[in-house]
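The residues making up each chain are set out below.
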Amino acid sequence: MWWENFYHAALNQLALFRITDVIDILAVSYLVYKALKFIRETRTMRLLKGVVLLIVITQLSYFFQLNTLYYILSNVLQLGLIALLIVFQPELRRVLEHVGRTSMGKWFNSKGEFDAEAMQMIREVSKGAQAMANSHTGALIVIENEDNIDTLISSGIKVHAETTSELLENIFVPNTPLHDGAVVIRDNKVELATCVLPLSQNPNIRQELGTRHRAGIGISEESDAVVIIVSEETGKISIAYKGVLDTGYHEDSLRDRIIELLNSSGLTQNTSEGKFSLKNLTKRGKEE
Ligand SMILES: Nc1ncnc2c1ncn2[C@@H]1O[C@H](COP(=O)(O)OP(=O)(O)OP(=O)(O)O)[C@@H](O)[C@H]1O
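The shown structure was predicted, so the numbers you read here are calculated from the model rather than taken from an experiment.

Asker: How would you sum up the overall build of the protein? Please name residues and give values.
Answerer: For the protein, the count of helices and strands is ten helices and seven strands. The proportion of buried residues among the 288 residues of the protein is 36%. Restricting to contacts in the protein with at least 6 residues of sequence separation, those with at least 24 account for 61%. Summed over its atoms, the accessible surface of the protein is roughly 17400 Å², and 61% of this surface lies on carbon and sulfur atoms.

Asker: Can you tell me about the environment of Glu260, naming the residues and giving the values?
Answerer: Mapped onto the secondary structure, Glu260 falls in helix 9 (residues 251-267). On the accessibility criterion, Glu260 (36% relative accessible area) is partly exposed. Polar side-chain contacts of Glu260 include one of 2.9 Å to the side chain of Arg257.

Asker: Can you lay out the UniProt feature "transmembrane region" (unreviewed entry) in the protein for me, pointing to particular residues and giving the numbers?
Answerer: Within this structure's numbering, the places UniProt gives as "transmembrane region" (unreviewed entry) are residues 15-33, 45-64 and 70-88. Secondary structure content for residues 15-33 is 89% helix and 0% strand, while the C-alpha to C-alpha distance between its ends is 28 Å. Secondary structure over residues 70-88 splits into 95% helix and 0% strand, and the C-alpha atoms at its two ends are 26 Å apart.

Asker: Pulling in residues and values, what's your account of the site of the ligand?
Answerer: Looking at the ligand, there are 16 residues lining it, with Asp180, Thr211, His213, Ser231 and Glu232 nearest. Separating an oxygen atom of the ligand from a backbone N or O atom of Gly210 is a distance of 3.0 Å. Contact distances for the ligand include 3.0 Å between an oxygen atom and a side-chain N or O atom of Arg212. Burial of the ligand by the surrounding chains reaches 77%, relative to a free accessible area of 640 Å². No other element matches helix 8 (residues 211-222), which puts four residues into the shell around the ligand. For the shell around the ligand, the residue count by class is seven nonpolar, five polar and four charged.

Asker: Account for helix 8, with residues named and values stated.
Answerer: In a regular helix each residue adds 1.5 Å, so twelve residues correspond to 16 Å; helix 8 covers 16 Å between its end C-alpha atoms and thus fits that length. Structurally, helix 8 contributes buried residues whose contacts are with strand 1 (139-143), strand 5 (226-230), strand 6 (237-241) and strand 7 (244-249).

Asker: Account for the side chain of Thr163, naming residues and giving values.
Answerer: Looking at the secondary structure, you find Thr163 in the loop between strand 2 (157-162) and helix 7 (165-171). For Thr163, a relative accessible area of 5% puts it in the buried group. From its side chain, Thr163 meets the backbone oxygen of Asn188 in a polar contact 2.8 Å long. Within the structure, the side chain of Thr163 is placed 3.3 Å from the backbone nitrogen of Val190, a separation counted as a polar contact.

Asker: Just give me the short version of the sheet that holds strand 7, but keep the residues and values in it.
Answerer: Spatially, the seven strands line up as an open sheet ordered 2-4-3-1-5-6-7, and their pairing is mixed. Strand pairing shows two members of the sheet lacking a second neighbour, strand 2 and strand 7, which therefore form its edges. With strand direction ignored, the average angle separating the axes of adjacent strands in the sheet is 25°. For strand 1 and strand 5, the ladder comprises five bridges, and the chain directions are antiparallel.

Asker: Any chance you could break down the pattern of salt bridges for me, citing the residues and the numbers?
Answerer: The final tally for this structure, using the stated rule, is ten salt bridges. Between Asp252 and Arg255 there is a salt bridge whose closest N-O contact spans 3.7 Å. On the criterion of helical spacing, the pair formed by Asp252 and Arg255 is a turn pair, its members being three residues apart in helix 9. Judged by relative accessible area, Asp252 falls into the partly exposed class, the value being 48%. With a closest N to O distance of 2.9 Å, Arg257 and Glu260 form a salt bridge. Here the residue Arg257 and the residue Glu260 both occupy positions in helix 9, the gap between them amounting to three residues, near one helical turn. Ionic contacts of the salt-bridge type, sharing partners, join the residues Glu144, Asp150 and Arg186 into one network.

Asker: Break down a nonpolar patch on the surface for me, citing the residues and quoting the values.
Answerer: Where nonpolar side chains cluster on the molecular surface, the patch consists of Trp2, Trp3, Phe6, Tyr7, Leu11, Leu14, Phe17, Ile19, Val22, Ile23, Ile25 and Leu26 and spans about 1400 Å² of accessible area. Taken together, the elements giving at least two residues each to the nonpolar patch come down to helix 1 (2-16) and helix 2 (19-41). Examining the composition of the nonpolar patch, we find that six residues originate from one element, helix 1, more than from any other. Topologically, Leu26 is positioned in helix 2. The exposed category is assigned to Leu26, whose relative accessible area is 57%.

Asker: Hey, could you go over the nonpolar core for me, with residue numbers and the actual values?
Answerer: Within the largest apolar cluster, 33 residues are counted, with the highest numbers of intra-cluster contacts made by Ile141, Val183, Val226, Ile228 and Ile258. Looking at which element gives the most residues to this core, the answer is helix 6 (residues 116-134), with eight residues. Setting aside chain neighbours within four positions, we find Ile258 in contact with Ile122, Val125, Ser126, Ile143, Val226, Ile228 and Ile239. Within the second largest apolar cluster, 20 residues are counted, among which are Ile217, Ala225, Ile229 and Leu245.

Rules of the game
Residues numbered from 1 in each chain as written. Predicted model: local features only at pLDDT ≥ 70, side-chain atom pairs only at ≥ 80, totals over all residues. Heavy atoms only, no water. Helix = DSSP H or I, 4+ residues; strand = E, 2+ residues; numbered from the N terminus. Buried < 20%, exposed > 50% of the residue type's maximum accessible area, 1.4 Å probe, protein only. Contact = heavy atoms within 4.5 Å. Areas by Shrake-Rupley, 256 points an atom, 1.4 Å probe, with all protein chains shown as cover. Polar contact = N/O pair within 3.5 Å; in protein donor to acceptor, adjacent residues only side chain to side chain. UniProt positions renumbered as here; feature names shortened; annotations may be inferred. Near = heavy atom within 4 Å. Nonpolar A, V, L, I, M, F, W, Y, C, P; charged D, E, K, R; others polar. Expected span 1.5 Å × (residues − 1). Pairing = 2+ DSSP bridges. Axes fitted to C-alpha atoms, helices over the stretch in contact; angles between N-to-C directions. Salt bridge = Lys/Arg side-chain N within 4 Å of Asp/Glu carboxyl O. Patch = residues over 30% accessible without salt bridge, like charges linked within 9 Å, V, L, I, M, F, W, Y side chains within 5 Å. Core = buried A, V, L, I, M, F, W, Y, C linked by side-chain atoms within 4.5 Å.

Right, dumping it as structure tokens:
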């Protein structure tokens, strides 16, 4: 009977199975998962489709013996591989930085608790954003997360000051020297102002959104920064994170959402020890 043969063959294979095979399978699964996640979260997706198409056409040209086409395409593929490494250097660096990261993440102290200074910074940002929304003052605030964004921004003026709602409101007063561009918050400080950010090239962004929102979405596509945008026109507060724009926040909901995003970015690299519920975090913040 065929199934008996199958059964014996399966048993024989199982007998050969070693613990190292399990480790091997788990390691490959993890790498495939990480690669797929990387492709989904970065601008690699569109490019990957192009590369797959190129490979298919190259193989077809080989199969049908279209020699000149095959010669050109196979050479393009070889050169393309080197070009890809250069074009995706920032993303690859990001991945390697993530691989080497073992700590709880920058938002947590040595006891694994969400940092009190970070909580204070988030409160000030939320308060400032609400005040600017009320007065229809346009603002763009980038909270640098685990990824260093130096290579993504240009022409920033160093501020390096305590983050307070008053300072943020002052920076974004129209027609003052620092109001144009984005503020970058690094290590809980207002580190830079007037930064120029990369504009998103996503064709699906709503037409009515201008360059402030596109710049906010742009930097969030290329890093894990949490970006707060206050619209001068509508007075609405939005958050851009990982290329997605969410609108309609108010001071409290903004604060909760920023905490949630920074908390979750820490958790992606950490054990469950670092897990705090949003409710607890917000409560802790109020009590401090
Ligand atoms: N690449 C960029 N990086 C940082 N800030 C930028 C960039 N491009 C534009 N901005 C900021 O956005 C402002 C222009 O905003 P614009 O009105 O075009 O955008 P918007 O998304 O419609 O915003 P709003 O709703 O506030 O009008 C500029 O004055 C500048 O401060």
